[in-house]
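These are the residues of each chain, in order.
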Amino acid sequence: MKIDYSNILSENIGIRGIQKAEILKEEDLLKTVKNRILSRINDDYYPLNLPDAMLNEVREIKDYASNIKERFDNLVVIGMGGSILGNELLHYSINGVYSNLEKSKKIYFIDNIDPETNITLLRSLDLKKTFFNIITKSGSTSETLLNLLLLIDLFKKEGLNPKDHFLFTTDPEKGFLRKLSEELAIKTYPIHPKVGGRYSVLSHVGLFSAAFEDVNIEKLLLSAKKRKEKFLSKKPIEDSAMVFALIQYKFFREKGVNINVLFSYSDGLEYLGKFYEQLLAESIGKKFTRDGQEIHSGITPVVARGPYHQHSTLQLFMEGPYDKLIIFVAPNKFRKDIEIKKSLEHDEINFLSGKYYSELLLNEYIATKMALTQNGRPNVSIEIEKINEETLGELIYFLELEVLALGEILNINPIDQPSVEIGKKFTHALMGDKNYSEYLKTLEKLGNVDKLILD
Ligand SMILES: O=P(O)(O)OC[C@H]1O[C@H](O)[C@H](O)[C@@H](O)[C@@H]1O
């Protein structure tokens, strides 16, 4: 994996860029950041240890996944946010958007509660041949529990025992799902107490469904482990993740760049954008610093896919406000390609004949990058050889490390999400959960305001 930072330099994009010297002079800051990360690595930043820890679990996960594969045709993963985005990332990027069409064992994701979507999927699956992996760290996310309740009801109607069809992935001790697993004798996988949703893809959360669909989880972990070793051994000023965090910080704090677009040139990698969207938004969007100062930090993530978004949002990126840093992610080679034969004889179309799909796609990537650079728009390019377990393991570790480093530079806590919890509590109260009735008064007050409602 190579990361090209050239197009953030003022030498290449003019006054809105930054100079190499401005980066190099922050060597001491990055040393401090690295030390702070290391001081937390066995505690709050435990996710950075997952590659080593999970390598010991690979055998068991693979054996269990092949056992499930022998007995079932479908796996449905159910979760919200960090409890499913990593699974989707591994599926769509490594196996491809339409891989269910070519595989006999299918995998589906329920990551929402739109009744129309969910009932369409569940009605079309043969429950007898379907296995469900319910993932929730807290064990109390309403959407996940609602989907679970529906399933229990459907299973009762069909006279099936949930015990044979469910795997719960949840906190090792706490939460409703843990309790229910004991009641119904359902197999569970634990989520380490220090591993929050958005940092959990390299734990049991992401690994079981990946193993079910033949992703080589050992290679994935080994590659992430290698990236960790690089972090441990390299000088922080030469570590691409530390430098990336510094660059994002400088653009955010000194240049007013508060939007980061993850622009991937691959359909499957669009899910890397969705994964990074949560990682960056929840980790960096904070009201207070660790010392309690009001900061309201945050970089708004935008997900884009090339060339698709060249035809919808690129105009804005090219000419709109100077508030964006574009992060390109592109493979050098595609694992499948299509050669276009000369089937028409017209001047207008001859430039495409005899070419490969990947040629047009990758040239569009280069053209877009150049055009943005020419317009003075900062952009960074993450180039990977091919999309596979090795590159994904490295990329995932890189992004998690980079976001933690950015949190450290900003002196905020990058692993909590306090305000999402407030919304969750209000939802419980509104749905009549007696344990949360204390929030009803606040809600009443909040609803009792002047109205401006138009038809
Ligand atoms: O795993 P769970 O406890 O169900 O949480 C699922 C998701 O819920 C919340 O919305 C949080 O903001 C996310 O960070 C979390 O990933």
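Given the structure is predicted, the values throughout are model-derived calculations rather than measurements.

What counts as what
Residues numbered from 1 in each chain as written. Predicted model: local features only at pLDDT ≥ 70, side-chain atom pairs only at ≥ 80, totals over all residues. Heavy atoms only, no water. Near = heavy atom within 4 Å. Polar contact = N/O pair within 3.5 Å; in protein donor to acceptor, adjacent residues only side chain to side chain. Domains from an automatic or database assignment. Contact = heavy atoms within 4.5 Å. Buried area = accessible area lost by both parts, 1.4 Å probe. Salt bridge = Lys/Arg side-chain N within 4 Å of Asp/Glu carboxyl O. Nonpolar A, V, L, I, M, F, W, Y, C, P; charged D, E, K, R; others polar. UniProt positions renumbered as here; feature names shortened; annotations may be inferred. Helix = DSSP H or I, 4+ residues; strand = E, 2+ residues; numbered from the N terminus. Buried < 20%, exposed > 50% of the residue type's maximum accessible area, 1.4 Å probe, protein only. Expected span 1.5 Å × (residues − 1). Arc of directions from axis to C-beta. Pairing = 2+ DSSP bridges. Axes fitted to C-alpha atoms, helices over the stretch in contact; angles between N-to-C directions. Right-handed = clockwise from strand over helix to strand, strands pointing away.

Caption draft 1: Quick look at the site of the ligand. What surrounds the ligand is a group of 14 residues, the closest being Ser83, Thr136, Ser138, Thr141 and Glu282. Gly82 has a polar backbone atom sitting 2.9 Å from an oxygen atom of the ligand. A distance of 2.5 Å is found between an oxygen atom of the ligand and a side-chain nitrogen or oxygen belonging to Thr141.

Caption draft 2: Structural detail: the domain arrangement of the protein chain. By the assigned domains, the protein chain splits into domain 1 (2–39 + 220–410) and domain 2 (46–215). Using C-alpha coordinates to define each centre, domain 1 is positioned 30 Å away from domain 2. The interface of domain 1 with domain 2 comprises 31 residues on the first partner and 28 residues on the second. Counting the surface lost from both domain 1 and domain 2, the interface buries some 2600 Å², and carbon and sulfur atoms represent 70% of this. Interface area lost by domain 1 to domain 2 is led by Leu221, Tyr271 and Gln278, which between them contribute 24%. The residue Glu282 makes a salt bridge to Arg198 at a minimum N-O spacing of 3.0 Å. Residues belonging to the side of domain 1 that touches domain 2 are distributed by class as follows: 17 nonpolar, 4 polar and 10 charged.

Caption draft 3: Seen up close, the UniProt feature "active site" (unreviewed entry) in the protein chain. The sites that carry the UniProt feature "active site" (unreviewed entry) are, in the present numbering, Glu282, His311 and Lys424. Taking the farthest pair of C-alpha atoms as the criterion, the annotated set spanning 143 residues is dispersed, since that pair is 36.9 Å apart. As for its placement among the helices and strands, His311 is situated in the loop between strand S10 (300–305) and helix H15 (314–319). On the basis of relative accessibility, which here comes to 66%, the residue His311 falls in the exposed class. Summarising the element assignment, Lys424 is placed in helix H18 (residues 418–430). What Lys424 contacts, discounting residues up to four positions off in sequence, is Ser138 and Thr141.

Caption draft 4: Quick look at the side chain of Asn379. Position of Asn379 relative to the elements: it lies in strand S12 (residues 379–384). We classify Asn379 as buried; its relative accessible area is 0%. A polar side-chain atom of Asn379 sits 3.0 Å from the main-chain carbonyl oxygen of Arg377. Excluding residues that lie within four positions of it along the chain, Asn379 makes contacts with Asp4, Asn7, Ile8, Leu325, Ile326, Phe328, Lys369, Leu372 and Thr373.

Caption draft 5: Seen up close, helix H12 (residues 217–233). The terminal C-alpha atoms of H12 lie 24 Å apart, and with 17 residues this matches the ideal 24 Å at 1.5 Å per residue to within 8%. Inspection of H12 places Ile217, Leu220, Leu221, Ser223, Ala224, Arg227, Lys228 and Phe231 among the buried residues, and these make up the whole buried set. Relative to the axis of H12, the buried residues are bounded by an arc of 160° and lie together on one face. Turned more than 90 degrees away from the buried face of H12 sit Lys226 and Ser233, all of them exposed.

Caption draft 6: Structural context of unusual backbone geometry. Between Gly306 and Pro307 the backbone carries a cis peptide bond, its omega angle lying at -10°. In the Ramachandran plot, Asp214 falls in the positive-phi region, its phi being about 65° despite a non-glycine side chain.

Caption draft 7: Highlighting the sheet that holds strand S4 (residues 130–136). Taken in spatial order, the 5 strands line up as S3-S2-S4-S5-S6 in an open sheet, and their pairing is parallel. In the strand order of this sheet, the two ends are held by strand S3 (106–110) and strand S6 (187–190), each with one partner. Strand-to-strand twist in this sheet, taken as the mean axis angle between neighbours without regard to direction, amounts to 20°. The sheet contact formed by S4 and strand S5 (residues 166–170) spans 5 bridges and is parallel. Counterpart to Ile135 in the pairing with S5 is Thr169. Packed onto the sheet, helix H6 (residues 85–95) meets strand S2 (74–78), S3 and S4 and runs at close to 145° relative to S3.

Caption draft 8: The arrangement of the pairing of S4 in detail. Burial runs high along S4: 7 of the 7 residues are buried. Neither face of S4 is exposed, since Thr130, Phe132, Ile134 and Thr136 on one face and Phe131, Asn133 and Ile135 on the opposite face are all buried. One ladder, built from 5 bridges, connects S2 with S4; its direction is parallel. Note that in S4 the partner of Val76 across the bridge is Phe132. In this view, the connection linking S4 to its parallel neighbour S5 by way of helix H9 (residues 142–158) has right-handed handedness.

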